[in-house]
Amino acid sequence: MSTLIVYFSAEFGITAKLAERVQAITGADIFEIKPEKPYTKADVNYRNPLSRCNKEFLTKKDVPAAAYPDNFDKYDTVLIGLPIWYGCAPLAVSSFCKMLDFTGKKVGVIATSGGSKIGKTAEKLRPFVSGAAVVKAEVFNNAGDEELKNWIADL
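Notes on the structure in this doc start here. Model, not experiment: these values are computed from the prediction. (Residues numbered from 1 in each chain as written. Predicted model: local features only at pLDDT ≥ 70, side-chain atom pairs only at ≥ 80, totals over all residues. Heavy atoms only, no water.)

## Thoughts on the overall build of the protein
For the record, the criterion: Comment: elements are numbered from the N terminus, with helices defined as DSSP H or I runs of at least four residues and strands as E runs of at least two. What the globule rule says is 2.2 Å times the number of residues to the power 0.38, and the radius of gyration is computed from C-alpha atoms. Note on classification: 1.4 Å probe, protein chains only; a residue is buried when its accessible area is under 20% of the maximum for its type, exposed when over 50%, partly exposed between these limits. Contacts are residue-level and defined by heavy atoms, with any inter-residue pair within 4.5 Å sufficient.
For the protein, the helix and strand inventory stands at 5 helices and 5 strands. For the protein, the C-alpha radius of gyration of 15 Å lies close to 15 Å, the compact-globule estimate for 155 residues. Dimensions of the protein, computed from the C-alpha atoms along their principal axes, are close to 45 × 30 × 25 Å. Burial status across the protein gives 48% buried among its 155 residues. A sequence separation of at least 24 residues applies to 77% of the contacts in the protein between residues at least 6 apart.

Here you go:
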């Protein structure tokens with residue numbers, strides 16, 4: 001089984017830390033999703049109605065990625081690390097995912113959140129990982145290594 005961790009992390013780096021922990025546990029390859037136009041602290045201030053993240057959420061315009069992983073087809077499992085924004089994956093993640101072929105892959109969303117539960121994140125991401133065999137999601141704010149390892153093994 002070949003696993004790739006792709007992750008998007010903003011402002012505080014919490015999701016990056018989770019992705020790095022999962023890499024240490026699994027030995028999987030890792031790839032950071034970076035938008036072509038990087039986010040600033042002001043861009044991700046959801047309390048400001050005029051911030052970039054709020055405008056993107058309202059307009060649903062794609063957020064192009066700066067790069068994509070090489071040899072994506074060699075992975076059968078993809079773990080997507082993301083912060084929960086507006087009860088779902090940030091547009092930077094969904095825009096990234098829809099550019100790749102997930103046919104037959106198992107997809108696990110390893111999420112972080114400042115207070116939201118996982119909700120319908122998996123269902124909302126499913127159209128962007130079209131063809132995936134499995135799409136499962138969970139918030140892992142305070143998870144231990146064993147919990148992460150077991151959840152990934154159950155994909």
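## Observations regarding the sheet that holds strand E4 (residues 106-112)
Selection criterion: Should DSSP find at least two bridges between two strands, the strands are regarded as paired. Axes here mean lines fitted to C-alpha atoms, for a helix over just the part in contact, with angles spanning 0 to 180 degrees between N-to-C directions.
Overall, parallel pairing links the 5 strands, which are arranged E2-E1-E3-E4-E5 in an open sheet. Edge positions in the open sheet fall to strand E2 (29-32) and strand E5 (134-139), since each of these has one partner strand only. If you compare each strand with its neighbour and ignore which way they point, the axes differ by 20° on average. Sheet topology places strand E3 (residues 77-83) next to E4; 7 bridges connect them, and they run parallel. Among the inter-strand pairings, Val78 is bridged to a residue of E4, identified as Val107. Packing against the sheet, helix H1 (residues 14-26) makes contact with strand E1 (3-7), E2, E3 and E4, and its axis sits at approximately 170° to E1.

## Examining unusual backbone geometry
Positive phi values are uncommon outside glycine, yet Asn71 reaches one of about 55°. Tracing the chain through its elements places Asn71 in the loop between helix H2 (52-59) and E3. Taking the relative accessible area as the measure of exposure, Asn71 reaches 51% and is therefore exposed. Of note in this structure, Tyr86 is not a glycine but carries a positive phi near 55°. Relative to the elements of secondary structure, Tyr86 occurs in the loop between E3 and helix H3 (91-97).

## Describing the packing of H1 against helix H5 (residues 145-153)
This is how it is decided: For classification purposes, an angle smaller than 35 degrees is called roughly parallel, one larger than 145 roughly antiparallel, one from 65 to 115 roughly perpendicular, and anything else oblique. Note that Gly is not counted as nonpolar here; it falls among the polar residues with everything else outside the nonpolar set of Ala, Val, Leu, Ile, Met, Phe, Trp, Tyr, Cys and Pro and the charged set of Asp, Glu, Lys and Arg.
Where H1 meets H5, the axes come as close as 10 Å, and the angle between the chain directions of the two elements is 75°. The angle between the axes of H1 and H5 places the two elements in the roughly perpendicular class. Here H1 contributes Leu18, Arg21, Val22, Ile25 and Thr26 to the contact with H5, which in turn contributes Asp145, Leu148, Lys149 and Ile152. In terms of residue class, the contact of H1 with H5 is built from 5 nonpolar, 1 polar and 3 charged.

## Some details on the pairing of E2
Regular strands place side chains that alternate from one sheet face to the opposite one. What counts here: The crossover handedness rule: strands pointing away from the viewer, path from first strand over the helix to second strand clockwise, crossover right-handed.
Where E1 meets E2, 4 bridges bridge the pair, whose relative direction is parallel. Along E2, the bridge assignment pairs Tyr7 with Glu32. In this region the chain leaves E1, passes through H1 and returns to the parallel neighbour E2; the handedness of that crossover is right-handed.

## Thoughts on the state of the cysteines
For clarity, the cut-off: To count as a disulfide, a pair of cysteine sulfur atoms needs to be within 2.5 Å.
One pass over the structure, following the stated rule, counts 0 disulfides. The structure places no disulfide on Cys53, whose sulfur is separated from the nearest cysteine sulfur, that of Cys88, by 12 Å. Taking relative accessible area as the criterion, Cys53 reaches 4% and is therefore assigned buried. Cys88 supplies the cysteine sulfur nearest to Cys97, a cysteine that is in no disulfide, at a spacing of 12 Å. What makes Cys97 buried here is its relative accessible area of 0%.

## Quick look at the packing of aromatic side chains
Just so we agree on the cut-off: By convention, a stacked pair of Phe, Tyr or Trp rings (six-membered ring in the case of Trp) has centres within 6.5 Å and planes under 30 degrees apart, an edge-to-face pair has planes over 60 apart, and any other such pair is tilted.
If you walk through the whole model with that rule in mind, you get 8 aromatic pairs. Arranged with centres 4.1 Å apart and planes meeting at 15°, the rings of Phe57 and Tyr86 form a pair that is stacked. Here Phe57, found in helix H2, pairs with Tyr86, found in the loop between E3 and H3; they are 29 residues apart in sequence, far enough to count as distant. In this structure Tyr86 comes out as partly exposed when scored by relative accessible area, which is 30%. Taken together, a centroid distance of 5.1 Å and an interplanar angle of 70° make the contact between Phe72 and Phe102 edge-to-face. Residue Phe72 is found in the loop between H2 and E3, and its partner Phe102 is found in the loop between H3 and E4; the two are separated by 30 residues along the sequence. Overall, Phe102 belongs to the buried group, its relative accessible area being 1%.

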